[in-house]
Amino acid sequence: MSQPIHLFDSDDPQERIGVYVCHCGTNIAGIVDVEEVRDWAGQRLKDRGVVVSRDYKFMCSSLGQEMIEKDIKDLGLTRVVVAACSPHLHEQTFRTAAQRGGLNPYLTELVSIREQVSWVHTDKNAATDKAKAVVSGGVERVIKNQPLEPLHVPINEATLVVGGGIAGIQAALEIADGGYPVFMVEREPSIGGHMAQFDKTFPTLDCAACILTPRMVSVGTHPHINLFTWSEVESVSGYVGNFTVTIRKKARFVNEELCTGCGICQEKCPKKIIDEIYEAGLGYRKAVYTPFPQAVPKYPVIDKPNCTYFLKGTCKACEKFCPTNAIDFNQKDELITIQVGNIILATGYDLFDPRRIPHYGYGRLANVYTSLEFERLSNAAGPTNGEIVLRDGKTKPKSVGVIHCVGSRDRNYNNYCSAICCMQSLKFAHLVHERTGATVYNFYIDIRTPAKAYDEFYQRVLEEGTLFVRGRVAEVTDAARKPEEEGRLIIQVEDTLAGKQRRIPVDMVILSAGLEPRKDAKATAHTFGISCSADGWFIEKHPKLDPVSTMTEGIFIAGCVTGPKDIPATVSQGAAAAARVMGRIQQKEILLEPVRASVNPDQCSGCRICNNLCPFNAITFIEDRMVTEINPALCQGCGTCVAACPAGAISGTGFSNEQILRQIDGLLMLNLEYMSEAAELVPA
Amino acid sequence: MDKYLFYPGCSMESNAKAYSESLLAVCEPLGLKLEEINDWNCCGATEYLGVSLTPAYALIARNLALAYNQSNGTQTIVAPCSACYLNLAKCDYYMQERPELGVNVNDALAAGGLHYDAGSLSIRHFLDVLVNDVGLETLKSKVVRPLKGVRVAPYLGCMVPRPDYDHRWSNPEYPNELDRVLKVIGAEVIDFPLKTHCCGGHMTQIGPQTAYELIYRLISAADQYHADVMATLCPMCQMNIDAYQGETNRHKGSDIQMPIVFFTQLVGLALGLDPKDLGFGREFISTKRVLDRIGLEMPEPVEVAPVTKPRKKQEGLPMPRMPREAGDEEVNP
Amino acid sequence: MYTVPYISTPDPTNPNLRFLEEVSLRTAGVSRLEMCIQCGTCGGSCPSADDMDHTPRMLFAMIRAGYREQALKSNTPWICVSCYHCVVRCPQGVHIADVMYTLKSMAIAANADVESTAPDFAQTFVDMVEAYGRSYEFGLATRYYLKHQKKRLPGMAPMGLGMLSKERMSMRPRKIKGIDQLHKILGRAKELER
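The rules behind each value
- Residues numbered from 1 in each chain as written.
- Chains lettered and ligands numbered in written order.
- Predicted model: local features only at pLDDT ≥ 70, side-chain atom pairs only at ≥ 80, totals over all residues.
- Heavy atoms only, no water.
- Helix = DSSP H or I, 4+ residues; strand = E, 2+ residues; numbered from the N terminus.
- Buried < 20%, exposed > 50% of the residue type's maximum accessible area, 1.4 Å probe, protein only.
- Contact = heavy atoms within 4.5 Å.
- Areas by Shrake-Rupley, 256 points an atom, 1.4 Å probe, with all protein chains shown as cover.
- Lys, Arg positive; Asp, Glu negative; His and termini not counted.
- Charge placed at Lys NZ, Arg CZ, Asp CG, Glu CD.
- Buried area = accessible area lost by both parts, 1.4 Å probe.
- Salt bridge = Lys/Arg side-chain N within 4 Å of Asp/Glu carboxyl O.
- Polar contact = N/O pair within 3.5 Å; in protein donor to acceptor, adjacent residues only side chain to side chain.
- Core = buried A, V, L, I, M, F, W, Y, C linked by side-chain atoms within 4.5 Å.
- Domains from an automatic or database assignment.
- pLDDT = per-residue confidence, 0-100.

A.B. asks: So what about the overall build of chain A? Which residues, and what values?
C.D. replies: Along its length, chain A carries 18 helices and 34 strands. The buried share of chain A, taken over its 684 residues, is 57%. Long-range pairs, those at least 24 residues apart, make up 69% of the contacts in chain A with a sequence separation of at least 6. Summed over all atoms, the accessible surface of chain A reaches about 28700 Å², with 52% contributed by carbon and sulfur. Across chain A, the 72 positively charged side chains and the 80 negatively charged ones have centroids separated by 6 Å.

Written out as structure tokens, the structure is:
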């Protein structure tokens, strides 16, 4: 057998390695013969530098850790190998323990003989052999470990909050009240988000605007908040603590210094357009508009694609009538660059488009409404002044059907449950009862009312006499079969509890459409360099334990941007993200893991294959030197560029080529003196 | 000339003679060449599948195997009859989705010296070919006699747009293919809400009450929308609604006269062909009203049906814009 | 809409599951019966639900509960018109219409006491196809009506005559050339059918 080239240079400095094999109760010891591994490491790997080999029931316990500290001090260990669970769990534990003992934390290695051995094998002999191989690999690798220092990155005090809905507002207020500056960027002319469109919120039936607008005003007047509305983030560069963000402040064509918010321009504007966004397509606005009276900021915007002046060069009524001469048709978009330390993304959701379900009739049949349309209908400031009426604008319905799960829980559209629609549908039932006295039917598959006061709300709606039909609506149609169905909307459904198909004539149908990610969610994720799932929801660092962070340091997420949720959960997340950010800011600097990739400029040929591979935008190309450079603060150590480089010019600190190759050799037991024995021990 | 393998199906030679005649007649001006599969057998309709699994699919697969062997440079079978179309497509699809079925079917085929690899052929409906291969632009250019003033209710029936294994139709409940064809040939197309609702199929034999109910729903809806004629693409639907309309009326105590023809017959008229060559006259409910509208026979004093039932109100709250009006993009991604 | 088939491995010793498993195995494609959440969309969409003993959804509940006899006796599959509304709208992707076909064939095989002439109609149709290779409506209609709906024959006569005169029905059957080949194929297929 020929010897591999990279094998075991004789001028390797002899390290003093401690090996610690954990029982993990019976998790490991039940399958792997821990004592045998300990003995084997102590004897066979002596020539490789192992001076002490111990085993213990729970290495992660304080006693286990103290064992390591003591050995480092007493025996002068220069390297530590712990064979236990996965590094995901306790790598940090043992690194800190080593540090307490006086050793650089990066000179330890935790190799997994639990997830990778005892938990996946049942043959005890084979498992023990494999554990030996794993330990051997760890020993070989750790010899090549270098002492590393974490990176100190200063944190800029300012924070960027993207999205002016309730999540963004909550986060911004918390940080600003803490005394730190906040930049808030909102795409629409006013902050408020979807919550500003609602009439009442469940289960308390608070008026949405009444509880939201005070917060909006606080944001608008807060000394520490810089509000950019009618603006979007154009580009982001940099890394945690030092983001450089370019904001495009779109031209309002209104001079904010001069505008008093009197509203005369809106009165006088002759161009009426259907408001697709705030009024959900149910009401009108002018070409120069503020979306609603309580808008923050109060300055209107001119909708350029629909303005007569921009289209034809005439009109200018707003300019003529403005008492302070605030209209400025020559205004241009402004690009503003800011420096922030952390970013919170709270861009919210879009509603599922029920036109995708033609058998529900939305769009064809006049009196089928979506949930947002109904909110506008019942809102006192809405297009019908709070009158719940049919599409003709006048007739009050005598019976209303509310359909749950439209576009949700359905493989054909969205497979998930949209969390809020059941409560929302109950709310609609209550509002219709209250305002019109009509008969209300709710069509559901399940009633999901998990949170505080939610099921009590269901009880209340039952008491009001709402008729619940358990059945997923098959069709909403106007094709009448009997005289009493003529001229009405017929809901065809199987009443599963009664076991019969029913055709129920109603006057109005409300579709509780599901929540979807924003249409441009993927583009947003790309701008900020975070991950986004296939359907567009942003991905949190850990779904259970870390719901507001992302895998990108310094960028946090809050609200419906990660998935459907109700207002209390959204507010909690906004506050949680704010707390995380403030914690960072107060530390003034953060320590980043030094496990990063770096380019050896002498070996880099400038081929740039790696440039577009980095998922964290950490790679830049230096034109004048024709080499690639990696920003250590952005790099997450994923290894993609390392693998891609054809010249092998990229290496990772903490995962260098050498370290990896040595670990492989160790796993294959090529380090042992007796090759024949090694051949036997290699697991089949 | 576009070439296709052709699977007529048993009805084309009997109760859907008009379909057969009109379809073959329009092929020439549209540049389509259909080659009939040699010695094809019945697909089993919806009956054979109800009796057994493997023999039913083996019955269908024989046709697929024969078609594949005959394949003369084309891998597409055109099947105009709904049940045949669905059965062929289903067989091909399930032989892939459930490999054991594929193995068993081929085992049976082998007893007859045949074999078929699932997925080798593409099974399409004539309407699909017309819209996507010939193209509506081409069709429009060949129209010499637009069906002005004829109100048509497009009726696709249930088995062609569903279950749509190959995703060929714009929507399984409200496909717009037939609507577009009828618009292009100049007719006034009704937004018929029951356009893919079932006609009852074989219930006319087994459960007449159910069948009459379903047929009645269709003709009364078409009547409510003041249609002059229904245009369909399924032989079973045409027969049920046409031949059984009398019985339906008797059973329900109504007197609706709703003629129903095959869409190829209307296309043929628009292309300038003679009604006699398109199978007109074979229907039970007279199409005189329709032909009169486009001046093809001596017009007798005939009552003009009242104009449009107002469906969209002008005042009141704005309606959501449907993509059709905004320029024919599809809503479904 | 039709994505990765779900392979379920039910416990073969559970007596209730045996019926569910049987139905699943005999269904073309992957039935996904176990995915049913009993939402009722199928029963709601069915155009002929009013005439059925049990709605499709109820039938699936019965199958999952193992009520073999009642399920096979039910007239539901025979009233199913195969319109596929249910299949397209089912949020869980259950192959409803195909399960109906399976139940039909199982009912025939078990000689279940179904209150419908549909099994016989199907069998007669099948006999015609096996004899000639093509369907033979005249023969089918006469044999079926004579057996089951004699009273209807006189009422159907005008329609029958109309069909004949408009050349929409033939009094003679057509036979395919390869009828022997077909017989061999079907014979082998029946052997394979367990």
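A.B. asks: Run through the interface of chain C and chain B, naming residues and quoting values.
C.D. replies: At the junction of the two partners, chain C supplies 72 residues and chain B supplies 71 residues. Counting the surface chain C buries against chain B, the share from its top three residues, Arg134, Arg168 and Ile185 of chain C, is 11%. Counting the contacts that link chain C with chain B gives six salt bridges. For Arg89 of chain C, the salt bridge identified is with Glu173 of chain B, shortest N-O distance 2.5 Å. Summed over the shared surface of chain C and chain B, the number is 32 residue pairs in polar contact (both at pLDDT 80 or more).

A.B. asks: Describe the interface of chain B and chain A, with residues and values.
C.D. replies: Between chain B and chain A, the contact holds 25 residues from the first and 33 residues from the second. Across the chain B/chain A interface, buried area totals approximately 2400 Å², and carbon plus sulfur atoms make up 55% of it. The largest contributions to the chain B side of the interface with chain A come from Leu317, Pro318 and Met319 of chain B, which together make up 27% of the buried area. Between the two partners, chain B and chain A, sit zero salt bridges. Seen at the junction of chain B and chain A, the total is six residue pairs in polar contact (both at pLDDT 80 or more).

A.B. asks: Talk me through the environment of Ala280 of chain A; I want residue IDs and the actual numbers.
C.D. replies: Residue and element names in this part refer to chain A. Position of Ala280 among the secondary structure elements: in the loop between strand E13 (272-275) and strand E14 (283-286). Between the alpha carbons of Ala280 and Leu377 there is a distance of 9.8 Å; along the sequence they are 97 residues apart. Not counting residues within four places of it along the chain, the set of residues in contact with Ala280 comprises Gln197, Asp275, Leu372, Glu373 and Arg376.

A.B. asks: Report on the side chain of Lys249 of chain A, specifying residues and quantitative values.
C.D. replies: Residues and elements named next belong to chain A. Inspection of the secondary structure puts Lys249 in strand E12 (residues 242-249). Side-chain polar atoms of Lys249 contact the side chain of Glu256, separated by 3.2 Å. Setting aside residues up to four positions removed in sequence, Lys249 forms contacts with Phe228, Trp230, Ser231, Glu256, Asp333, Glu334 and Ile336.

A.B. asks: For the nonpolar core, give the residues involved together with the corresponding values.
C.D. replies: Soluble, globular proteins show a tendency: their nonpolar side chains are buried together. Counting residues in each nonpolar core, the largest one holds 181 residues, and the members touching the most others are Tyr57, Ile77, Phe192, Met230 and Phe263 of chain B. Apart from residues no more than four positions distant in its own chain, Met230 of chain B is found in contact with Ala153, Tyr155, Phe192, Leu218, Ala222, Ile241, Met258, Pro259, Ile260 and Val261 of chain B. With 98 residues, the next largest nonpolar core counts Tyr278, Tyr441, Val461 and Ala577 of chain A among its residues.

A.B. asks: Mind laying out the domain arrangement of chain B, listing which residues take part and the relevant values?
C.D. replies: Many descriptions give the size of an interface as the accessible area lost when the pieces come together. Residues and elements named next belong to chain B. Per the domain assignment, the segments of chain B are domain 1 (2-124) and domain 2 (144-293). Averaged C-alpha coordinates put domain 1 and domain 2 at centres separated by 24 Å. Contacts between the two partners involve 28 residues from domain 1 and, on the opposite side, 25 residues from domain 2. Surface buried jointly by domain 1 and domain 2 totals about 2200 Å² across both partners, of which 68% is contributed by carbon and sulfur atoms. Scanning the region where domain 1 abuts domain 2 turns up one salt bridge.

A.B. asks: How would you summarise the confidence of the model for chain B if you had to cite specific residues and measurements?
C.D. replies: All names here are of chain B. When pLDDT is averaged across chain B, the result is 85; 90% of the residues are at 70 or more. Long-range and interchain partners of residues 298-313, a stretch whose pLDDT sits below 50, account for 19 contacts in this model, where long-range means more than four residues apart. Residue range residues 325-333 is modelled with pLDDT below 50. Its contacts to residues more than four positions away, or to other chains, number 13 contacts.

A.B. asks: Could you give an account of helix H3 (residues 56-65) of chain C, naming the residues involved and the relevant values?
C.D. replies: For H3 of chain C, every residue scored as buried is listed here: Pro56, Arg57, Leu59, Phe60, Met62 and Ile63 of chain C. Of the residues trailing H3 of chain C, Gly66 of chain C is marked for its positive phi of about 85 degrees.

A.B. asks: How would you summarise unusual backbone geometry if you had to cite specific residues and measurements?
C.D. replies: Between Phe202 of chain A and Pro203 of chain A the backbone carries a cis peptide bond, its omega angle lying at -10 degrees. At the junction of Val296 of chain A and Pro297 of chain A, the peptide bond is cis and its omega measures out at 0 degrees in the coordinates. Its place among the elements puts Pro297 of chain A in the loop between strand E15 (288-289) and strand E16 (301-302). A positive phi angle is found at Met626 of chain A, which is not glycine, with a value near 55 degrees. Inspection of the secondary structure puts Met626 of chain A in the loop between strand E32 (619-622) and strand E33 (627-630). On the basis of relative accessible area, Met626 of chain A is assigned to the partly exposed category, the value being 45%. Phi is positive for Asp164 of chain B, which is not a glycine, with a value near 55 degrees. Relative to the helices and strands, Asp164 of chain B is located in the loop between strand E5 (151-155) and helix H7 (177-184).

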